[in-house]
Amino acid sequence: MKIITAQQTKALDAHTIAHEPIASIDLMERACRAFVTWFTQRFDNSHTVGIVCGTGNNGGDGLGIARLLQGWNYAVTVWIVRGSVAESNDFKTNLERLKNTRIKILEITEAPECSVFAGSDVLLDAVFGSGLSRPPEGVYERVITCINATATRRIAVDIPSGLMADQPTTGACVEAHATVTFQLPKLSFLFPSSHRFVGDWAVVDIGLNKNFIRELPGDHFLLQQKDVRKQVKKRSTFDHKGTYGHALLVAGARGKMGAAVLSSRAALRSGVGLLTVHVPQTGVDILQTAVPEAMLSIDAHSDFYTALETADRFTAVGIGPGLGKSPETVKALKKLLENFQHPMVLDADSLNILAENRELLHLVPPGCILTPHPKEFERIVGSWQTDFERLQKQKQLAAQLNGVVVLKGAYSSIVGPDGKVYFNPTGNPGMATGGSGDVLTGILTGLLAQGYATLAAAQVGVYLHGLTGDLAAGEKGMNSLIASDLIDFLPEAYRRLG
Ligand SMILES: NC(=O)C1=CN([C@@H]2O[C@H](COP(=O)(O)OP(=O)(O)OC[C@H]3O[C@@H](n4cnc5c(N)ncnc54)[C@H](OP(=O)(O)O)[C@@H]3O)[C@@H](O)[C@H]2O)[C@H](O)CC1
Ligand SMILES: [K+]
């Protein structure tokens, strides 16, 4: 699903109006109907509804929604905020259509008292939409403050008023519990800093021209199950273990062998043919007992990774979980990066070692996948002011390494060397638990070893990982979810993609 800019949305509107063809007021009516369908499925007409409208097309939506809800016997109150914005044509038409209804229409021409919106069970925010081009001021800013001060369910129409669709937001903004957006999500919806404004968002289809969307230039996408499903490799009868590769995981140090166990199990459950795990002496009995399917490469050192004879017989290497950062481990990682020229997954402590030994970044072979969480990412690229700047840094790092950088979190972003960004929709906060990242590293290493191209491995692996989290949370709730649950749900997650 392509994520387009506010400017492109305007062009898409115009194109749809011209080519469907459809009058803009009818496209607005379609948007209003789509919103009302979503709304009536969640709030029955025992809820009183307040709608705060600007005088552009977002406000026009608000008026249309008021009329439709009243048709469903909702008690509706409308406030029209009169500021610098001239009435759009469609706003005028929908205002006209309200004339012969019983809907109470109040005008706000100057900064109101914040009690102005009290009394509605649900408050709809239709002040500004994708046309916002600068921070709200004056009466608009005050209205936004009052909307946020009203103890009620706040639902934003298309986009919370005050949020910039595809650039940093600096002004006042409605803090919606939910946002119903038309046709495609806005880029800012996918960033953590927007969550308090957007709340849970839903996309409603308003029949905008899909071919036009496909042809629009764009680097930002929201992964969908169908995109991932078609990348999952199918198996054939005459396949054998070798067909599915031989992965090497370099993981675990004394006291952190669990990371090696979790990533090993996850690699196996991701379908790899053979798995070897390189562990220090302390890990031998642990791994042989906990993961009998894995072969071991045993380090001379008792406690941590210091050397590996050769990695050439492996089709992919994953390194980092529970590795530690001892000086010998740093040296060993450097040697591995110099000698192993196939795709690798670099995670956890291997990323921290790269951050502290930046000359090693130049040794990272092409086609690797880095899987930092935001803190590990910041150690590598430095701090950022906004999520847009963070994304820019992510694109730069992916290009510099000629690999894929996965920034983990809600809507994990997968960025390739070409700068294209894929946001992952699966997963939930239950996955913020020790070992969750080790599982992802195992999955990604397993997929790379099976011959998945780097970007495909990242998309399938991150999607699968999040899907196991959703399945596990469905069964065990978010609070009790532990990393092993993710592995247990890999078979079901694969089945969903089958
Ligand atoms: N395809 C779709 O998604 C459809 C969306 N629809 C709805 O239309 C709005 C977008 O409506 P638009 O009229 O373009 O803009 P807004 O209603 O968001 O804002 C109105 C005007 O306000 C001006 N503006 C911008 N920022 C400020 C500010 N900080 N202070 C004051 N005024 C501001 C701006 O005009 P300028 O010329 O001043 O830039 C806006 O034009 C969309 O969100 C949907 O709700 C359609 O209903 C159907 C299709
Ligand atoms: K809005």
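Parameters at a glance
Counting from 1, residues in each chain are numbered in the order their sequence is written. Throughout, the order in which chains and ligands are written sets their labels, letters from A for the former and numbers from 1 for the latter. Per-residue local features are limited, in this predicted model, to residues with pLDDT of at least 70; the limit for side-chain atom pairs, both in listing and counting, is 80 or more; totals at the level of whole chains, interfaces and linings are taken over all residues. In computing side-chain properties, one takes all heavy atoms of the structure into account and sets aside hydrogens as well as water. UniProt positions are given in the numbering used here, feature names are shortened, and annotations may be inferred rather than shown by experiment. Residue ranges for the domains trace back to a domain assignment, done automatically or taken from a database. The contact criterion used is simple: two residues touch if any of their non-hydrogen atoms lie within 4.5 Å. In short, buried area is how much 1.4 Å probe accessible area vanishes from two parts on joining, totalled over both. Think of a salt bridge as a Lys or Arg side-chain nitrogen and an Asp or Glu carboxyl oxygen that are within 4 Å of each other. Side-chain atoms alone can form a polar contact between residues adjacent in sequence; in general such a contact is a pair of N or O atoms within 3.5 Å, and within protein one must be able to donate a hydrogen while the other accepts it. Each residue receives one of three labels: charged for Asp, Glu, Lys and Arg, nonpolar for Ala, Val, Leu, Ile, Met, Phe, Trp, Tyr, Cys and Pro, and polar for the others, Gly being one of them. Only nitrogen, oxygen and sulfur atoms qualify as donors, and only when within 2.8 Å of the metal (3.2 Å in the case of Na, K and Ca); with water excluded, sites may look incomplete. Irregular is the default label, applied whenever a site is not tetrahedral (four donors, all angles between 85 and 135 degrees) and neither square planar nor octahedral (four or six donors, opposite donors over 155 degrees apart, all other angles between 65 and 115). Working definition: helices are DSSP H or I runs of at least four residues, strands are E runs of at least two. Numbering for both runs from the N terminus. For every residue, the accessible area (1.4 Å probe, protein chains only) is compared with the maximum for its type, and the residue is labelled buried under 20%, exposed over 50%, or partly exposed between those bounds. The disulfide criterion is simple: two cysteine sulfur atoms within 2.5 Å. Note: two strands are recorded as paired if DSSP finds a minimum of 2 bridges between them. In this description, a line fitted to the C-alpha atoms serves as the axis of each element, helices being fitted only across the stretch in contact, and the angle between N-to-C directions of two axes falls anywhere from 0 to 180 degrees.

By the naming in an unreviewed UniProt entry, the protein chain goes by Bifunctional NAD(P)H-hydrate repair enzyme and is assigned to Chryseolinea lacunae. Recorded in UniProt under Subunit (unreviewed entry), the annotation for the protein chain is "Homotetramer."

Quick notes on the domain arrangement of the protein chain
Under the domain assignment, the protein chain is made up of domain 1 (6–218) and domain 2 (226–496). Computed from C-alpha coordinates alone, the two centres of domain 1 and domain 2 are separated by 42 Å. With 12 residues of domain 1 in contact, the opposing surface of domain 2 contributes 9 residues. Contact with domain 2 buries area across many residues of domain 1, yet Pro168, Leu190 and Phe191 alone supply 57% of it, more than any other trio. At the junction of domain 1 with domain 2, the criterion picks out 0 salt bridges. The tally of links between domain 1 and domain 2 comes to 2 residue pairs in polar contact (both at pLDDT 80 or more). Class assignment for the residues of the side of domain 1 that touches domain 2 results in 7 nonpolar, 4 polar and 1 charged.

Section: the coordination of the potassium ion (ligand 2)
At the metal site, the potassium ion (ligand 2) is ligated by Asn58 (OD1), Asp125 (O), Phe128 (O), Val157 (O), Ile159 (O) and Ser161 (OG), and these contacts range over 2.6 to 3.1 Å. Around the potassium ion (ligand 2) sit 6 donor atoms, and with donor-metal-donor angles ranging over 65 to 175 degrees the site reads as irregular. Summarised as a motif, the one-chain spacing of the donors to the potassium ion (ligand 2) is N-x66-D-x2-F-x28-V-x1-I-x1-S. With Phe128 in the loop between strand E4 (122–126) and helix H5 (138–149) and Val157 in strand E5 (residues 153–157), this pair connects stretches of sequence that are 29 residues apart. Of the two residues examined, Phe128 and Val157, each falls in the buried class.

A few points about the state of the cysteines
Tallied over the entire structure, the rule returns 1 disulfide. The disulfide partner of Cys114 is Cys146, and the S-S distance across this bridge is 2.5 Å. Across the disulfide from Cys114 to Cys146, rotation about the S-S bond amounts to roughly -90 degrees, and the bridge is consequently left-handed. You can see Cys114 sitting in the loop between strand E3 (104–108) and E4 and its partner Cys146 sitting in helix H5, a full 32 residues away along the chain. On the basis of relative accessibility, which here comes to 0%, the residue Cys146 falls in the buried class. With no disulfide of its own, Cys32 lies 9.6 Å from the sulfur of Cys53, the closest cysteine sulfur.

As for the sheet that holds E5
Reading across the sheet, the 7 strands line up as E3-E2-E1-E4-E5-E6-E7 and stay open at both edges, with parallel pairing between neighbours. Here the strands that pair on one side only, and so sit at the sheet edges, are E3 and strand E7 (200–204). The sheet shows a mean angle of 20 degrees between the axes of neighbouring strands, direction not considered. With 5 bridges connecting them, strand E1 (residues 49–53) and E4 associate as parallel partners. In the strand pairing of E4, Ile51 is matched with Leu124.

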